Amino acid sequence: MTVQELPGADYRPTPPPAWRPRTDAAPLLPDAEPHRVLGTPAADRLDPELMRRCYAELVRGRRYNAQATALTRQGRLAVYPSTVGQEACEIAAALVLEEQDWLFPSYRDTLAAVARGLDPVQALTLLRGDWHTGYDPHEHRIAPLSTPLATQLPHAVGLAHAARLRGDDVVALAMVGDGGTSEGDFHEALNFAAVWQAPVVFLVQNNGFAISVPLAKQTAAPSLAHKAVGYGMPGRLVDGNDIAAVHDVLSEAVHRARSGGGPTLIEAVTYRMEAHTNADDATRYRGDAEVEAWKGHDPILLLERELTARGLLDEAGIEAAKESAETMAAALRERMNAEPVLDPMDLFTHVYAEQTDQLREQAAVLRAELEAEAE
């Protein structure tokens, strides 16, 4: 006899005692409002040296975005996904990691990679159709920049879990956009991370749109940070344009992961000031008034206002940051204007540790074609 067949119209099956929540959900829930520091009493505790460095990196990052966008118009890049307006998330993600930690960026996170120390030209190599990833991931502890959505998240969990099994002091920070949270890889990664208590931090940059799709058409959840509860990890909500707040929340999550506390899901509420890429017309799905409203919450403006009001930044400091950014942009422009030296045979390099028979056959065909063309 099944439960449904038991006699008694008023019978209501009760789960057996083994069914109980594994953890109290309340501590996992994000706050009702995004965490903020700038413009609040919490700003009294700002580290002046760290904030001045953040300011210089933000200015440099904005100039990097502008220069990379200009390179697409000049035909030097095939495409560039700008992070104008999101620089606070990018810079904070790079600064909270130790040298041995790993960054797992999405295709939009070239600035985070550069802020972590990657050569700006190498960060853009993939976007000009050049050699593979453009850099050695192991050298910089930065996973490959690539365009598939959310595929880097399970990779981050795997690396973090392996490091934990080996006893290595390594934390993985995985970045993804709001659109990526609709991919299966996102859910699989969070589930494995929580079950294994892997030392990984998930940073979702909610910039308002997945290309042209607003968040409301992707999820009915109160926030993306709330999704953490279903997997058994804390969810944090932070003002993604407040670099001090983002640095706070990320630092706490990285420390928690490093000390064995497991993963954290962080939603940074920010805004994509420019189009999805140079191939996108953002005016088809959002109005100018919306963009103008967010310009008042520019991450550079917020930090500059706070630091100058507190006497931690003056005109000389502002000009020095701009001059450093211009020097970087000029060097990037000059190096990207040089024609790359391409070897078609590189297509077969670093694909497998030992080439397959099929790859050897393909390489032989291409080599013969190149020799015939040369003759």
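All of the points below concern the structure found in this document. The shown structure was predicted, so the numbers you read here are calculated from the model rather than taken from an experiment. Along each chain, the written sequence defines residue order, and numbers are assigned to residues from 1. The model is predicted, so local features are restricted to residues of pLDDT at least 70 and side-chain atom pairs to those at 80 or more, both for listing and for counting; the totals for chains, interfaces and linings are taken over all residues. Side-chain measures were taken over the full set of non-hydrogen atoms in the model, leaving aside hydrogen atoms and water.

## Quick word on the sheet that holds strand 2 (residues 172-177)
Then comes step 1: Taken together, the 5 strands give an open sheet; going across it, the order is 1-2-3-7-6, and neighbouring strands pair in parallel fashion. Whereas interior strands pair on both sides, the edge strands pair on one side only; in this sheet they are strand 1 (102-104) and strand 6 (235-239). When strand polarity is set aside, the average angle formed by the axes of neighbouring strands in this sheet is 20°.
Then comes step 2: Any two strands with at least two DSSP-identified bridges between them are counted as paired. Counting from the N terminus, the helices are DSSP H or I runs at least four residues long and the strands are E runs at least two residues long. One ladder, built from 6 bridges, connects strand 3 (residues 200-206) with strand 7 (residues 264-269); its direction is parallel. Looking across to strand 7, one finds that Gln-205 is bridged to Ala-268. Axis angles are defined between N-to-C directions and span 0 to 180 degrees, where every axis is a line fitted to C-alpha atoms and, for a helix, only to the segment in contact.

## Digging into helix 2 (residues 87-95)
Then comes step 1: Relative accessibility decides the category of a residue: with a 1.4 Å probe and only protein chains considered, values under 20% of the type maximum give buried, values over 50% give exposed, and everything between is partly exposed. With 9 of 9 residues buried, helix 2 lies mostly within the body of the structure.
Then comes step 2: Taken residue by residue, helix 2 has Glu-87, Ala-88, Cys-89, Glu-90, Ile-91, Ala-92, Ala-93, Ala-94 and Leu-95 as its buried positions.

## Topic: the packing of helix 2 against helix 8 (residues 243-258)
Then comes step 1: Where helix 2 meets helix 8, the axes come as close as 9 Å, and the angle between the chain directions of the two elements is 40°. Note that helix 2 runs across helix 8; the crossing there is right-handed. Contacts between helix 2 and helix 8 pair Ala-88, Cys-89, Ile-91, Ala-92, Ala-93 and Leu-95 from the former with Ile-243, Val-246, His-247 and Leu-250 from the latter.
Then comes step 2: In this count, Pro and Cys sit with the nonpolar residues alongside Ala, Val, Leu, Ile, Met, Phe, Trp and Tyr, while Asp, Glu, Lys and Arg are called charged and the others, Gly among them, polar. Of the residues belonging to the contact of helix 2 with helix 8, the class tally is 9 nonpolar, 1 polar and no charged. Two helices that cross are described as forming a left-handed crossing if the nearer one is turned anticlockwise from the farther one by less than a right angle, and a right-handed crossing if clockwise. Contacts are residue-level and defined by heavy atoms, with any inter-residue pair within 4.5 Å sufficient.

## Things to note about the nonpolar core
Then comes step 1: The biggest cluster of nonpolar side chains holds 66 residues, and the ones touching the most others in it are Tyr-55, Tyr-64, Leu-124, Leu-173, Val-201, Leu-250 and Leu-303.
Then comes step 2: At 9 residues, helix 8 tops the list of elements feeding residues into this core.
Then comes step 3: What Leu-124 contacts, discounting residues up to four positions off in sequence, is Tyr-64, Ala-68, Leu-71, Leu-77, Tyr-80, Leu-332 and Met-336.
Then comes step 4: Put simply, buried Ala, Val, Leu, Ile, Met, Phe, Trp, Tyr and Cys residues joined by side-chain atoms within 4.5 Å make one nonpolar core. Membership of the second largest hydrophobic core comes to 26 residues, among which are Trp-102, Ala-150, Val-157 and Ala-189.

## Overview of the layout of surface pockets
Then comes step 1: Buried and open spaces are told apart on a 1 Å grid over the protein atoms alone, a cavity being a set of points where a 1.4 Å probe fits but cannot get out and a pocket being an open set with protein on both sides within 12 Å along at least five of seven lines. Residues with an atom within 4 Å of a point are the lining residues. Grid points are joined across faces, edges and corners, and a volume is the space filled by probe spheres set on the points. The calculated volume of the largest pocket comes to roughly 370 Å³.
Then comes step 2: Surrounding the largest pocket, 27 residues form its lining, Tyr-107, Arg-108, Leu-149, Ile-211 and His-276 being those nearest its centre.
Then comes step 3: Listing elements by their share of the lining of the largest pocket, those giving two or more residues are strand 2 and strand 4 (209-210).
Then comes step 4: Looking at side-chain class alone, the lining of the largest pocket contains 11 nonpolar, 12 polar and 4 charged residues.
Then comes step 5: One number sums up the size of the second largest pocket: a volume of about 230 Å³.

## Quick notes on unusual backbone geometry
Then comes step 1: The backbone of Arg-141 shows a phi angle near 60°, a positive value even though the residue is not glycine.
Then comes step 2: Assignment of secondary structure puts Arg-141 in the loop between helix 5 (137-140) and helix 6 (152-166).
Then comes step 3: In this model, Ile-211 sits at a positive phi of 60°, which is unusual for a non-glycine residue.
Then comes step 4: Inspection of the secondary structure puts Ile-211 in the loop between strand 4 and strand 5 (213-214).

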